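Take a look at the letters that make up each chain.
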4 protein chains.
Amino acid sequence: MTGISFGSDNHAGVHPDVLAAVVEANSGTVPAYGDDAVTTEAKRLLRGHFGDSAEAFVVFNGTGANVVGLQSMVRSFESVICADSAHINVDECGAPEKLLGAKLVDVPAPGGKLTVEAVDAARWGVGDPHHVQAKVVSITQSTECGTVYSLEEIRALADYAHERGMLLHLDGARIANAAVSLGVDLGDLGAAAGVDVLSFGATKNGAMGAEAVVVLRPELAGSMEFLRKQSMQLASKMRFMSAQVVALLTDDLWRRNAANANAMAARLASALEDAPGVTITDPVQANAVFAIIDRRATEVLRTEFPFEVWREDTGQVRWMTSWATQASDVDAFAARIREVTGDHA
Amino acid sequence: MTGISFGSDNHAGVHPDVLAAVVEANSGTVPAYGDDAVTTEAKRLLRGHFGDSAEAFVVFNGTGANVVGLQSMVRSFESVICADSAHINVDECGAPEKLLGAKLVDVPAPGGKLTVEAVDAARWGVGDPHHVQAKVVSITQSTECGTVYSLEEIRALADYAHERGMLLHLDGARIANAAVSLGVDLGDLGAAAGVDVLSFGATKNGAMGAEAVVVLRPELAGSMEFLRKQSMQLASKMRFMSAQVVALLTDDLWRRNAANANAMAARLASALEDAPGVTITDPVQANAVFAIIDRRATEVLRTEFPFEVWREDTGQVRWMTSWATQASDVDAFAARIREVTGDHA
Amino acid sequence: MTGISFGSDNHAGVHPDVLAAVVEANSGTVPAYGDDAVTTEAKRLLRGHFGDSAEAFVVFNGTGANVVGLQSMVRSFESVICADSAHINVDECGAPEKLLGAKLVDVPAPGGKLTVEAVDAARWGVGDPHHVQAKVVSITQSTECGTVYSLEEIRALADYAHERGMLLHLDGARIANAAVSLGVDLGDLGAAAGVDVLSFGATKNGAMGAEAVVVLRPELAGSMEFLRKQSMQLASKMRFMSAQVVALLTDDLWRRNAANANAMAARLASALEDAPGVTITDPVQANAVFAIIDRRATEVLRTEFPFEVWREDTGQVRWMTSWATQASDVDAFAARIREVTGDHA
Amino acid sequence: MTGISFGSDNHAGVHPDVLAAVVEANSGTVPAYGDDAVTTEAKRLLRGHFGDSAEAFVVFNGTGANVVGLQSMVRSFESVICADSAHINVDECGAPEKLLGAKLVDVPAPGGKLTVEAVDAARWGVGDPHHVQAKVVSITQSTECGTVYSLEEIRALADYAHERGMLLHLDGARIANAAVSLGVDLGDLGAAAGVDVLSFGATKNGAMGAEAVVVLRPELAGSMEFLRKQSMQLASKMRFMSAQVVALLTDDLWRRNAANANAMAARLASALEDAPGVTITDPVQANAVFAIIDRRATEVLRTEFPFEVWREDTGQVRWMTSWATQASDVDAFAARIREVTGDHA
């Protein structure tokens, strides 16, 4: 239970600096619901990255961040175009449909990435009351397939959207991994790239449990306080959540944590590059390695190292690394993969 | 800002034992979403109080606990009868209506307490498709007015409900304060009293941010995992939330914390008993004192001690105590109240 | 079953002129969903009454008209303030809560009428994310109690709302009865009185089944086509519904129908004025008479004439008249009421 | 405007016998909301086809029938698997998502038909709270592509569903056309084929505007009255809607109407069989012909005969026939198609 896991980047614990910040926040009585100095500081730091007009709203988890953000962008008869593999589409138990009352239009997205062409094909029936009206393009950065959109790819989607009165949403549950992968700052993935609202992910980056909706288009921010509360995503003792965000944004901890996670995924992929029984299926650009290995090998390996079977039909598996993954963990895992898949090759 | 507050029991920080448990939980990698030993222990401890058939689901906050619990109990054409002062009715920004798609039927409730008579008057149109169908009675224990239902009062409401195919929900954001007030165990306020689903409050009792839905009627539990996830109330790094519940349920910390809070409210009420400018409006049975004082006194006092104006029309104010409130805090506050209200008497 | 009914104005059938218009519309193939000449004419006639900027959307029924209209006015965290007796509050099985995802805040309303004072008392917590934000005042004209708002009363509510960034909605299921009662045109109850969106009721006025949402504030109209469709209120063979509206708005049929209904209610009230066992409880200003009679009398009378028991607790009953009610019906009913209540006086 | 249309089967008017029934229903006052003899007769006739345990609920339109029916079958965290071309998926402006709060999982469906294989591929993550839980398979009969499921195909889907605790829903907006195509009775497409809830379409079959939800599994019927009302699909003057259903089910009018529509589609397809510029894309089994013709031909033809462009990308068009289509209409249209497509071949 406290061994090595490649199952998810949320199997890791809390980075010591984040935990220290939480402990430090526990001093005396302070106002609840965000009217405290730590939250003010978290907002200030996020504005430092995302720009002076960015307004940040700390929430509990990634689903909450996505759904609260999207609520500021769509009405129930409008739709959100997303990748078929998008977290909002397949991993949130229908929370977007329930809370938005709106349709997600999912499109095939090789490598987890939307293209202007794919989005355009999914946008039709404009002005026709029989059809949902495409309003938001939602992308995930880094994607659910471990790939990363280039700044140009994001900009192209943003331009496409804005020219049509649509908006661009970015699920940044792993935005730090993407920024590190691209060698840019967090803010380069925000308004600078044309994004209108984003989910800023802290939990997978080393926090205990905290995310933020960052609204980059001021006219969308006015309803956010209400949407967050009604969506049950407003913490009473907010200081303990904001402290996590502050810690990650202090001394570039976010970057160091993501850099380690990404490097460990690259190390794993590299170690398996020429392994005969292993086919890496997607470019390894962030902190995930997707591969196809023999099902019997999967069975054996999972008794030793937790990881996910991604697609039952193809036998594809997912190996995630985190801020806490160590080189020795990777090396041991890679060696064992080679051994076991060799037996079943 | 880190001074004394009577504004809310969530202005207090985290009890040291709870914080220690959170820190201790940060060891190695463990499965996410509740498939961990700490969560198992939290469930075991809750079953110890609420009975072997109780199923507990840890969630982020009180609104989440109430709304997820109620979702297992009502369909959209059914209604929840509650006190007009109920948290679900006035302090959750319409989250119940949004998530349930159902109507809350609020009834006048002196002292924050529902009676069988009040509920019965609000239950009508049974079987008539033009009207919402009364399905759940929801009570808050201790109430939003600082009062406490006796076991007999709960049982009467439960019997009323069950005889009519209805269910009883208990918002236990301050269930520990109620149990201490009544001198009973937590479990005496659950199935033993006829309650079907309850929100178990930990945050106000000294946690950092954690609550649990406790389902006492097994047939309602089957959908809870899905409802919690879809309602965006499932934590990924669950162990850190469960650890808080475990700490409070260890060595009766919940009871000690609630006992302090209740004692401090009683101390405050007692100190003001014969104060000429202070009218205490509700029985002080838990950790709140409701009083009417002169509005100018309120103005002055709030510059020194945070507290809430409860009703603008009557000038009623609310003074909350918590696990962290100290006798010296209360004494200083009471003295100052006497002083200031005396000036405006 | 085809006898005289005072149960509801929708127990009456269809006025012959309306039925003739429906039959006449059945000529050849025409485009569906409102892209037809009859619908164009219905819109033109409604604009003739409600002004050139009025946009009308024909829907199936009164609940649909109310809910579709309100959807253009509120977001889920906003609220609708209405009378406790409002149809949207008690007779639509929670459709507003379900479709709006929002809270109705109902206030005591003697005679079914809201006042500025009552609305103001229900509007609180403005800007506080814990509370729903009051956005719409919804009134019913004529009211569910058979009374009629004066133009001044409506204007006062409109001014109150508009000065606070709120909107005024009018449920006009019986708008024709109100206009006749006040001796004004339909349009005088629209933008002229400060109303922003209204439900135009045709069914109770002699149609077969048709209502319209009339949007008087152009900026709210843009989403209506989509909201109507998504709310399942868009008819495919629309011409047959629009024909009903056209017929009622031709040669002032709406006025003649309402005038008869109102006159019949007045006749009934007048005939019972000094009846010893009958207490008329509300001013008879439209087509309803509310009265309290002995419960045993009610029992006997209902075996002969259908009518509603309005409140079980007080024994209040409701007698409705319609376009089809005849003086002889009223006289027979009144005579029988006198007889039976006399027995039980 | 009153010429020949191949645009939709709801461009046609009302069959004279249906209209006569509506006119005849306009006699005296009767109870509203379905408590009348005509509605009783409609239910009796539907039971005659669909079995003694079938419970029918008349609603306004097809979207209403589908959404009200589905509401009795799924909770918000459950999903409906349907064809990508399903009306509920693409032509109801997101009404299912809005009203169900649930996800539709659409799968590729050549010819508009689901297969067990396609459904099975879309059913995954069972028991995993991160994923919506597949609960209903929804098919359309006849399909949106003018094809018809065989009884064996329906039964296979029903068996698949029932073996997994799922349910089978049938959108029968054109159920009459399907029954005629298969040479079976309406009831053979209901419980006999394993269907649990269906939408019985009357409007396209010659009614003015009426459909019914037919519940074939009694345990699902209990909530229907409330769901219909809350979904704003309960007519007050119900008799006029029920009369339409009665008329269609009297003397097999439904069958004659559908037979004509189907025959006219077959006639059109046959007349174009060897036309050089016309590629018929789907089997013509009901009352629709889908074809690909030159876009310039489409442009010319649509100035003379209304019809739909089905897919902009391929130039596919849809020609619908109805109860009112005449052989001479078809012949004139076919001749003109040959002429114009010849010019552009």
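Scoring rules and cut-offs
Residues numbered from 1 in each chain as written. Chains lettered and ligands numbered in written order. Predicted model: local features only at pLDDT ≥ 70, side-chain atom pairs only at ≥ 80, totals over all residues. Heavy atoms only, no water. Helix = DSSP H or I, 4+ residues; strand = E, 2+ residues; numbered from the N terminus. Rg over C-alpha atoms; globule rule 2.2 N^0.38 Å. Areas by Shrake-Rupley, 256 points an atom, 1.4 Å probe, with all protein chains shown as cover. Buried < 20%, exposed > 50% of the residue type's maximum accessible area, 1.4 Å probe, protein only. Arc of directions from axis to C-beta. Contact = heavy atoms within 4.5 Å. Expected span 1.5 Å × (residues − 1). Buried area = accessible area lost by both parts, 1.4 Å probe. Salt bridge = Lys/Arg side-chain N within 4 Å of Asp/Glu carboxyl O. Polar contact = N/O pair within 3.5 Å; in protein donor to acceptor, adjacent residues only side chain to side chain. Nonpolar A, V, L, I, M, F, W, Y, C, P; charged D, E, K, R; others polar. Pairing = 2+ DSSP bridges. Axes fitted to C-alpha atoms, helices over the stretch in contact; angles between N-to-C directions. Least-squares fit on C-alpha atoms with pLDDT ≥ 70 in both. pLDDT = per-residue confidence, 0-100. Domains from an automatic or database assignment.

Side note on the overall build of chain A
And then number 1: For chain A, the helix and strand inventory stands at 13 helices and eleven strands.
And then number 2: Relative to its length of 345 residues, chain A is compact, with a C-alpha radius of gyration of 20 Å against a globular reference of 20 Å.
And then number 3: C-alpha atoms of chain A, sized along the principal axes, occupy 60 × 55 × 35 Å.
And then number 4: When the accessible surface of chain A is split by element, carbon and sulfur atoms take 49% of a total near 11100 Å².

Overview of helix α1 (residues 16-25) of chain A
And then number 1: Every buried residue of α1 of chain A is listed here: Val18, Leu19, Ala21, Val22 and Ala25 of chain A. In an axial view of α1 of chain A, the angular spread of the buried residues amounts to 155°, which keeps them on one side of the axis. The exposed residues of α1 of chain A that point more than 90 degrees off its buried face are Pro16 and Glu24 of chain A.
And then number 2: Where α1 of chain A is buried, its residues touch α10 (239-248) and α11 (253-271) of chain A together with α1 (16-24) of chain B.

With respect to the environment of Val330 of chain C
All names here are of chain C.
And then number 1: In this structure, Val330 sits in helix α13 (residues 327-344).
And then number 2: Remark: the alpha-carbon pair of Val330 and Ser5, spanning 325 residues in sequence, is separated by 9.9 Å.
And then number 3: Contact partners of Val330, with chain neighbours within four places excluded, come to Phe6, Met264, Arg267, Leu268 and Thr325.

Side note on α13 of chain C
Residue and element names in this part refer to chain C.
And then number 1: Across its 18 residues, α13 extends 26 Å between first and last C-alpha, which sits within 8% of the 26 Å expected from 1.5 Å per residue.
And then number 2: What α13 keeps buried is the set Asp329, Val330, Phe333, Ala334, Ile337, Val340 and Thr341. Taken around the axis of α13, the buried residues stretch over an arc of 140°, which confines them to a single face.
And then number 3: Of the surrounding elements, those touching the buried residues of α13 are α11 (253-271), α12 (295-302) and β11 (316-320).

Observations regarding the interface of chain C and chain A
And then number 1: Between chain C and chain A, the contact holds 20 residues from the first and 20 residues from the second.
And then number 2: At the boundary of chain C with chain A, total buried surface from both sides reaches about 1600 Å², with 62% on carbon and sulfur atoms.
And then number 3: Our count for the chain C to chain A interface comes out at zero salt bridges.
And then number 4: Inspection of the chain C/chain A interface yields seven residue pairs in polar contact (both at pLDDT 80 or more).
And then number 5: No other element matches helix α9 (residues 224-230) of chain C, which puts five residues into the side of chain C that touches chain A.
And then number 6: The residue makeup of the side of chain C that touches chain A, split by class, is six nonpolar, ten polar and four charged.

Quick look at the sheet that holds strand β5 (residues 167-172) of chain A
Residues and elements named next belong to chain A.
And then number 1: Ordered in space as β1-β7-β6-β5-β4-β2-β3, the seven strands form an open sheet in which the pairing is mixed. The sheet terminates laterally at β1 (55-59) and β3 (103-107), the two strands that pair on one side only. The sheet shows a mean angle of 25° between the axes of neighbouring strands, direction not considered.
And then number 2: With five bridges joining them, strand β2 (residues 78-83) and strand β4 (residues 133-140) adopt parallel strand pairing. Counterpart to Ser79 in the pairing with β4 is Ala134.

Thoughts on the relation of the copies chain C and chain A
And then number 1: Its rotation angle being 180°, the transformation that places chain C on chain A also includes 0.0 Å of axial translation and leaves an RMSD of 0.0 Å. This pairing of chains is accounted for by a two-fold axis.

Some remarks on the confidence of the model for chain A
And then number 1: In this model, chain A carries a mean pLDDT of 96, and residues with pLDDT of at least 70 account for 99%.
And then number 2: Reported for the predicted complex are a pTM of 0.97 and an ipTM of 0.97.

Regarding unusual backbone geometry
And then number 1: Note the cis peptide between Gln141 of chain A and Ser142 of chain A, where omega equals -15°.
And then number 2: Here Ser142 of chain A shows up in the loop between β4 and α7 (151-163).
And then number 3: Positive phi values are uncommon outside glycine, yet Asp251 of chain B reaches one of about 50°.
And then number 4: Looking at the secondary structure, you find Asp251 of chain B in the loop between α10 (239-248) and α11 (253-271).

Notes on the domain arrangement of chain A
All names here are of chain A.
And then number 1: Entries for chain A in the domain assignment read domain 1 (16-248) and domain 2 (254-343).
And then number 2: Between the C-alpha centres of domain 1 and domain 2 there is a distance of 27 Å.
And then number 3: Facing the 22 residues of domain 1 at the interface are 19 residues of domain 2.
And then number 4: In this assembly, domain 1 packs against domain 2 so that about 1700 Å² is buried in total across both faces, 52% of it on carbon and sulfur atoms.
And then number 5: When the buried surface of domain 1 facing domain 2 is broken down by residue, Gly146, Asn177 and Val180 rank first, second and third, together holding 26% of it.

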